Amino acid sequence: MPKEKPESFQQRWLSGYTLGAIGILSTFMIIIFSTVFMPMVLFRPSPSGRGNDYTVEQVADAHRGRQIYVREGCFYCHTQFTRLQDRGYGPLVQAGDYNYETPHQLGTARTGPDLTNEGGRMSSQWQKAHLVNPRALKPGSIMPSFSFLSDRDMNDLVAYIQSLGNKRTSKNFVEAPDEYRDTTDHGKALLDRKTTGKEAVDTNSSAAANAGRGIYTQNCAVCHGLEGWGNGPNAISLEKKPANFSRPFYKQYPDEFWFYRISEGVPGTRMPRFGEILSEQQRWYLVAYLKTLQKDQEVVISKIDQLNKAEQVKLPVLTDQQYEPHTGE
Amino acid sequence: MGAGLFAAAEFAMPDLVHNVPQLSMPHLRMWHVNGVAIGWLSMGYVGAMFHMIPTLCKTRLWSERLGNFSMWAWNLVMVGAFCTLLNGNTEGREYAELGAILDVLVALDLILILYNVYRTILNRRVQKLYVSLWYFLGSLFWFPLVYLIGQRTFVALPGLNDAIVGWFYGHNILGMWFTTVGVGMMYYLLPRLTQAPLYSHGLSMLGFWGIALFYAPTGTHHILQSPVPEWLKAIAVISSIFLLVPVLTVLTNFFMTMKGKWGMVVTDLPLRFAVTSACFYLVTCVQGPFQATRWVNWYLHFSQWVVGHAHLALLGTFSFILTSAFYYSLPRLTGRDWYSQGLIRAHYWLKFLGFLLMMTSLTIAGLVQAAGWAFGVPIDQWSLQIRPYWFLRELSGIMIVLGQLIFAYNAYKSFYTSEPAVVLVKPAPGKTQEVKA
């Protein structure tokens, strides 16, 4: 029997098997390095001042509420980040908003609405009642009832809900979402198209307001009324009445906000989304017109005969002949 | 090991019905996810590996006592998980809910298993490593690491970094563990069940390294629309799309191996499970990269569509291949034939149809939801419209659990009453396992 040769270094350590193990590990390490450790070093947003800092004593209550939020797993159904396309959920989030959010509660699925800016949206009473019996307040809701929470837990949880996005609310009450303002590329492009180019509209000119008036009568008067007092013929059938543009309150609305409302409607009301119906230019004309409607004193509509009358529409008499499908002869 | 497997089955299956929306759902959901991921699939995987690896190496498991010990330890962890999660003792990190002690136990257990397997492979009596071994080894190297990094038990990262690491883990428990072991099992089972050689060893290696390379960095595609850095999103999206390459390589290999053997699925039940799994794998892996692109993600994210996708992967693909492994290996381990072929058939159909129903209802519900969120329609206006799909999903859950109960019953009966198997081809490696069952 021939004597066995001692294994060389290569044979021993660089055989397929060990080499494979090394390969497996090193590939993986490189990936971990680039996608796990590199972000930790490179991605360090400074606090934006818009997220809640739970380490500060004053919000200790909400801090405990947050632990209950985590414990009860609310994040399986609720997300906590607003995206560009999320309407009616308030301002967009920024990277620096999350510095104190550990463990993160970004969430994965929206079985229920986004809660990023939920704070202050409803009263604490409402929130509490909703947690105890969601279906009493929102028929058809599939949010589970959390009636098993103790009083203290419930109060803390509601304190936490009410703290969500508090610092993110804009000082100006009527701020349009970021994508309508010059803080984002999207918004900048939009405002550029408004001020320059062949579609430009000067929303302060009376020419534009006049153009807007026609569009208004055709599309909006049925609800908002001919004069914009919220007294269109349709108003009678609406649970949430159309806005009355004579209110002095509307004087503070900036153009972008009007534009945003017209484009996206008002969530939770019958106000339609005209973004898909009217062109951008038409919507800017409407803005110009709406801005002329405010008065020093709101015109109060309190009686039914103050509603605009609707002319009875004369429909053609239906006869079998008239609407018989063509036979192709 | 059989005991471990069944404990796993019994553990994890009841909660597949977690989908009664009106129950206090979040706690159940934690338990559901962990039960399925750590309990059912992981334990089943380890069980299957303990059978397949010695067989492939033509040797015995390095230490059976250690194997047994890890099995019991794992079961203990699951008991702990059951008690804590249902009480809401959670870390609040999706897929990583288990508390600190349990985390450490799982990781230790995994390392023990790795050591055991590693020694077994060193003892092997064949020169070449079959591709399944590559997959198993790779997974066992990766998974403890992924797991440890992913748990973030002892570190408190600021919010978004927490999310980045969280999704690195969330996706790689799938990519570097469920997928790799699952695919390894398919490589083991398909040639054996069809008695045809693997179509190409070269392709299989290509698939292996492709998965290793492209799977790991994809995690961030779960938070594509949050304010995490753009470069990270770009890496995630690109590698998600590149994943199509290894996946299609792997599947080509499978389907070419099946060539001329398709008829066998009619009579060979384990094979039927395996082939179903491969087909669902194709669907998942085409769906996945497509969802990871920005525009599709823009629309579909946050909806039940994604939940459907997750079930397609874990239930449709990996659960089916695991079941196939059970049906294939248990007779070889215990030396007893299956108690009833009819029950296997029933299991298959319940699981298959149940799953299809679940997938369809979730996908449709997801489309309704996606439209609602994307166009800003308030939830009150459409929550009633997706109600029928919740009920359908409920029904599908019941079917699947029923199937699983039949499976458990069948296995129980086979252990204690059925005839010694005739199918037994290679009793030797199986022998080592028998002691444990």
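Conventions adopted
Residues numbered from 1 in each chain as written. Chains lettered and ligands numbered in written order. Predicted model: local features only at pLDDT ≥ 70, side-chain atom pairs only at ≥ 80, totals over all residues. Heavy atoms only, no water. Helix = DSSP H or I, 4+ residues; strand = E, 2+ residues; numbered from the N terminus. Buried < 20%, exposed > 50% of the residue type's maximum accessible area, 1.4 Å probe, protein only. Contact = heavy atoms within 4.5 Å. Domains from an automatic or database assignment. Polar contact = N/O pair within 3.5 Å; in protein donor to acceptor, adjacent residues only side chain to side chain. Axes fitted to C-alpha atoms, helices over the stretch in contact; angles between N-to-C directions. Parallel < 35°, antiparallel > 145°, perpendicular 65-115°, else oblique. Left-handed = near helix turned anticlockwise from the far one by under 90°. Core = buried A, V, L, I, M, F, W, Y, C linked by side-chain atoms within 4.5 Å. Buried area = accessible area lost by both parts, 1.4 Å probe. Salt bridge = Lys/Arg side-chain N within 4 Å of Asp/Glu carboxyl O. Nonpolar A, V, L, I, M, F, W, Y, C, P; charged D, E, K, R; others polar. 1 Å grid on protein atoms, 1.4 Å probe; cavity = no way out; pocket = protein on both sides within 12 Å on 5 of 7 lines; lining within 4 Å. Points joined across faces, edges and corners; volume = space filled by probe spheres on them. Patch = residues over 30% accessible without salt bridge, like charges linked within 9 Å, V, L, I, M, F, W, Y side chains within 5 Å. Areas by Shrake-Rupley, 256 points an atom, 1.4 Å probe, with all protein chains shown as cover. Bend = angle between axes of the 7 residues up to and from the residue. Phe/Tyr/Trp six-rings, centres within 6.5 Å; stacked < 30°, edge-to-face > 60°. Lys NZ or Arg CZ within 6 Å of the ring centre and 35° of its normal.

We now examine the overall build of chain B. Counting its secondary structure elements, chain B contains 15 helices and 0 strands. By residue count, 65% of the 437 residues in chain B fall in the buried class.

What follows deals with the overall build of chain A. If you tally the helices and strands in chain A, you get 12 helices and 0 strands. Reading chain A from its N end, one meets helices and strands in the order α-α-α-α-α-α-α-α-α-α-α-α. In chain A, the share of contacts with a sequence separation of at least 24, taken over all contacts with a separation of at least 6, comes to 67%.

Residue and element names in this part refer to chain A. By the element assignment, alanine 243 lies in the loop between helix H9 (221-224) and helix H10 (255-264). With relative accessibility at 23%, the residue alanine 243 sits in the partly exposed group. Taking the C-alpha atoms as reference points, alanine 243 and histidine 224, 19 residues apart in sequence, are found 6.5 Å from one another.

Turning to the domain arrangement of chain A, a few remarks are in order. Here the domain parsing of chain A yields domain 1 (62-163) and domain 2 (178-306). Domain 1 of chain A and domain 2 of chain A are separated by 32 Å when their C-alpha centres are compared.

Before going further, it helps to examine the environment of asparagine 308 of chain A. All names here are of chain A. Mapped onto the fold, asparagine 308 is located in the loop between helix H11 (280-290) and helix H12 (320-323). Look at asparagine 308 and you get buried, because its relative accessible area is 13%. On a C-alpha basis, the gap between asparagine 308 and alanine 221 in space is 9.0 Å, while along the polypeptide they are 87 residues apart. With residues up to four places along the chain from it excluded, the contact list for asparagine 308 reads Gly225, Leu226, Glu227, Asn231, Gly232 and Pro233. One polar contact links the side chain of asparagine 308 to the main-chain amide nitrogen of leucine 226, over a distance of 2.8 Å.

Moving on to the packing of helix H5 (residues 131-151) of chain B against helix H7 (residues 201-215) of chain B. Residue and element names in this part refer to chain B. For the pair H5 and H7, the least separation of the axes is 10 Å and the interaxial angle reads 10 degrees. Between H5 and H7, the angle is such that the two are roughly parallel. Considering how the two elements wind past one another, H5 and H7 form a crossing that is right-handed. Contacts between H5 and H7 involve Val131, Trp134, Tyr135 and Trp142 from the former and His201, Ser204, Met205, Gly207, Phe208, Trp209, Ile211 and Ala212 from the latter.

Attention shifts here to the nonpolar core. Residues Tyr45, Trp177, Phe178, Met185, Phe254 and Phe318 of chain B are the most contacted members of the largest nonpolar core, which totals 135 residues. The residues touching methionine 185 of chain B, leaving out its near neighbours within four places in the chain, are Tyr45, Ala48, Met52, Phe136, Ile321, Leu322 and Ala325 of chain B. Counting 28 residues, the second-largest nonpolar core is a separate cluster that includes Tyr216, Cys220, Tyr260 and Leu278 of chain A.

Counting residues at the interface gives 72 residues for chain B, matched by 61 residues for chain A. Between chain B and chain A, roughly 5,800 Å² of surface is buried when both sides are summed, and carbon and sulfur atoms account for 70% of that area. Summed over the shared surface of chain B and chain A, the number is 0 salt bridges. On the surface where chain B and chain A come into contact, there are 6 residue pairs in polar contact (both at pLDDT 80 or more). Residue assignment for the side of chain B that touches chain A shows that the elements contributing at least two residues are helix H2 (25-57), helix H4 (100-122), H5, helix H6 (159-194), H7, helix H8 (230-242) and helix H13 (341-374) of chain B. When residues in the side of chain B that touches chain A are grouped by element, the largest group, 10 residues, is from H6 of chain B. Here the side of chain B that touches chain A is composed, by residue class, of 48 nonpolar, 15 polar and 9 charged.

Another aspect to go through is the layout of surface pockets. The probe, sized like a water molecule, is rolled over the atoms to show the empty space still left. Here the second largest pocket is characterised by a volume of approximately 880 Å³. If you list the elements that add at least two residues to the lining of the second largest pocket, you get helix H7 (185-195), H10 and H11 of chain A together with H8 and helix H11 (294-300) of chain B. Tallied by class, the residues present in the lining of the second largest pocket amount to 13 nonpolar, 8 polar and 12 charged. Looking at the lining of the second largest pocket, you find at least three residues from each of domain 1 (62-163) and domain 2 (178-306) of chain A.

Attention now moves to the packing of H6 of chain B against helix H12 (residues 304-334) of chain B. Residue and element names in this part refer to chain B. The contact between H6 and H12 brings their axes to 10 Å, and the two run at 40 degrees. With respect to each other, H6 and H12 are oriented oblique. Seen along the crossing, H6 lies across H12 with a hand that is left-handed. Note on element contacts: H12 touches H6 through Ala313, Leu314, Thr317, Phe318, Ile321, Leu322, Ser324, Ala325 and Tyr328, opposite Leu174, Phe178, Thr179, Gly182, Met185, Met186, Tyr188, Leu189, Arg192 and Leu193. Its residues placed into classes, the contact of H6 with H12 shows 14 nonpolar, 4 polar and 1 charged.

Turning next to a nonpolar patch on the surface. Taken together, the side chains of Ile101, Val104, Leu105, Leu108 and Ile111 of chain B present a nonpolar region at the surface, about 440 Å² in accessible area. Position of isoleucine 101 of chain B among the secondary structure elements: in helix H4.

All names here are of chain A. Scanning the model with the defined rule gives 13 salt bridges over all chains in all. Of the charged contacts in the structure, one is a salt bridge between arginine 64 and aspartate 153, with a shortest N-O distance of 2.7 Å. With a gap of 89 residues between them, arginine 64 in helix H3 (residues 60-71) and aspartate 153 in helix H6 (residues 151-163) connect regions that are remote in the sequence. Residue aspartate 153 is classed as buried on the basis of its relative accessible area of 9%.

By the element assignment, serine 319 of chain B lies in helix H12. Contacts of serine 319 of chain B, omitting those with residues within four sequence positions, involve Trp40, Leu41, Leu314 and Lys351 of chain B.

Let us look at H12 of chain B. Serine 319 of chain B marks where H12 of chain B bends most, by close to 30 degrees. Among the residues trailing H12 of chain B, glycine 335 of chain B stands out with phi positive, at a value near 70 degrees.

Another aspect to go through is the packing of aromatic side chains. Inspection of every chain in the model, using the stated rule, returns 50 aromatic pairs over all chains. Every member of this aromatic cluster is reached through a ring pair, and the members are Phe273, Phe280, Phe320, Phe326, Tyr327, Trp338, Tyr348, Trp349, Phe352, Phe355 and Phe407 of chain B. Between the NZ or CZ atom of lysine 194 of chain A and the centre of the ring of tryptophan 284 of chain A, over which it lies, the distance is 4.7 Å. Its guanidinium or amino end placed over the ring of phenylalanine 320 of chain B, lysine 351 of chain B lies 5.3 Å from that ring's centre, counting from NZ or CZ.

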